[in-house]
Amino acid sequence: MSLPPTAVRGFKDILPEQARLFRFIEETARVVAERFNYQELCPPILEKTELFTRGIGEDTDIVEKEMYTIVEGSADSLSLRPEATAGMVRALIENNLAQGGKIAKFFCLGPMFRRERPQKGRLRQFHQLDVEVFGTPGPYIDAEVIDFLHTFLTKLGLNDLSVVLNSLGCPDCRPLFRKALSAFLEQKRPALCLDCQRRLERNPLRILDCKNPSCCALTLQAPSLSSFRCLKCQEHFDGLQDSLKALNINFVVDDKLVRGLDYYTRTAFEVQSGQLGAQNAAAGGGRYDGLCLKLGGPDIPAIGFASGLERLAMLIEQSNQSFLLAPPSPDYYIALLVQEALAPAMILVQKLRALGQKISCDWEVGSLKSRLRQADKAKASKILILGPDELAQGLATVRDLNTKEQVCIPINQPDLF
Ligand SMILES: [Zn+2]
Ligand SMILES: [Zn+2]
């Protein structure tokens, strides 16, 4: 006999409890977005592979080994999106959304896909809130974007959060730092992990991100990014820090925060949670002024962040908000005591639902005792009883399950329920 089907490794069902948490997170995101006047923009899940190789960089782990790529005959190579930014930038360029120097502010919610080694807290299909602002170089908009994230996380009921901040420099000053870092790390090459030995040629900055203990120890003595920052970058960074202070958002500056992707310029940030530990940020983002141009569009400065819904859901679950996990309770449970109640009940239930009442009914006939048990299981506020006496008079008995008060209401007057 063949075994029952199972889900693909790293792809998980979102069961009702988790779905309720996701809905709470998504609704909160939409409320905050409305207050900040950021609009929803949903790029498709599938894009041409070329978008990601150009947008994220060919030398990144994401593009090198983590994309789900489909090649259909002689057509383009297509990939499931591993992140949202590249698709947002493509959509912005293709739909002319930042024409005439307009500032455009967007968010999207949805699944992303990466063929990572499945482990705790890491799925191959995961979900993100993604926020992107185009058309202004900052630093005030950088502070607004961080304020958006901070407001969102606070509204989710999360505390014990810290904003970690850095400035990664610009095309004027970063190459100088990169050169100094390369020279330093080249001398230590044998002590680096194999991944970092490869990174040394292509993108030495990413070595600062390595979680390998021996690489971490080495980078402690490495040259510091802050000593290479040019005047303009320093002014930008100071402006951002002053703005965050004015907004009362606590932050720490971490010179080692570089973020995984190549395209970041100047502002980089993460929000870390004490509950998750430093290796698991609740959200992260940064400025990527060169990306639009790199993808063949106009030169539009941009900043954004992404936050993983699975991690947020985990934090919310740990934060004493278990009421969010409970299923919504219906207004009425419909108790059918005789077969003849089925037809009139069906009509009444349709009318009550049309009036906005939440109705639970399993369309099974049984004793009042067994129906009361079901009503209790469904956590209904009231039970609506249709037995032989009620039917004879065209009535329904309504019992409040908390107060035990009971009234009779004509079933042809649904608005009285
Ligand atoms: Zn600079
Ligand atoms: Zn390493």
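Residues numbered from 1 in each chain as written. Chains lettered and ligands numbered in written order. Predicted model: local features only at pLDDT ≥ 70, side-chain atom pairs only at ≥ 80, totals over all residues.

Looking at this structure, how should I read the packing of helix 1 (residues 16-36) against helix 5 (residues 140-155)?
Relative orientation of the contacting elements helix 1 and helix 5 amounts to 140 degrees, with a least axis distance of 10 Å. Here helix 1 lies oblique to helix 5, going by the angle between them. Handedness of the crossing formed by helix 1 with helix 5: right-handed. Contacts between helix 1 and helix 5 involve Thr 28, Ala 29, Val 32 and Phe 36 from the first element and Phe 148, Thr 151, Phe 152 and Lys 155 from the second. (Axes fitted to C-alpha atoms, helices over the stretch in contact; angles between N-to-C directions. Helix = DSSP H or I, 4+ residues; strand = E, 2+ residues; numbered from the N terminus. Parallel < 35°, antiparallel > 145°, perpendicular 65-115°, else oblique. Left-handed = near helix turned anticlockwise from the far one by under 90°. Contact = placed C-beta atoms within 7 Å.)

What should I look at first to understand the nonpolar core in this one?
Phe 107, Val 145, Leu 149, Ala 282, Ala 302 and Leu 312 are the most contacted members of the largest nonpolar core, which has 75 residues in total. At eight residues, the largest contribution of residues to this core is made by helix 5. Contact partners of Val 145, with chain neighbours within four places excluded, come to Val 131, Val 133, Ile 303, Gly 304 and Phe 305. Grouped together as the second largest cluster of nonpolar side chains are 20 residues, Ile 334, Leu 336, Leu 337 and Ile 383 included. (Core = buried A, V, L, I, M, F, W, Y, C linked by C-beta atoms within 7 Å. Buried ≥ 20, exposed ≤ 12 C-beta atoms within 10 Å, placed from the backbone.)

Hey, could you run me through the pairing of strand 5 (residues 104-113) in this one?
Working note: regular strand, side chains alternate between the two faces of the sheet. Counting buried positions along strand 5 gives seven out of ten residues, so the element sits mostly inside the fold. Relative to strand 5, strand 1 (residues 39-40) runs parallel, the two being bridged by two bridges. Residue pairing for strand 5: Gln 39 is matched across the bridge by Phe 106. In this structure, strand 5 lies alongside strand 6 (residues 125-134), joined through ten bridges in antiparallel fashion. For Lys 105, the partnering residue across the bridge sits in strand 6 and is Val 133. (Pairing = 2+ DSSP bridges.)

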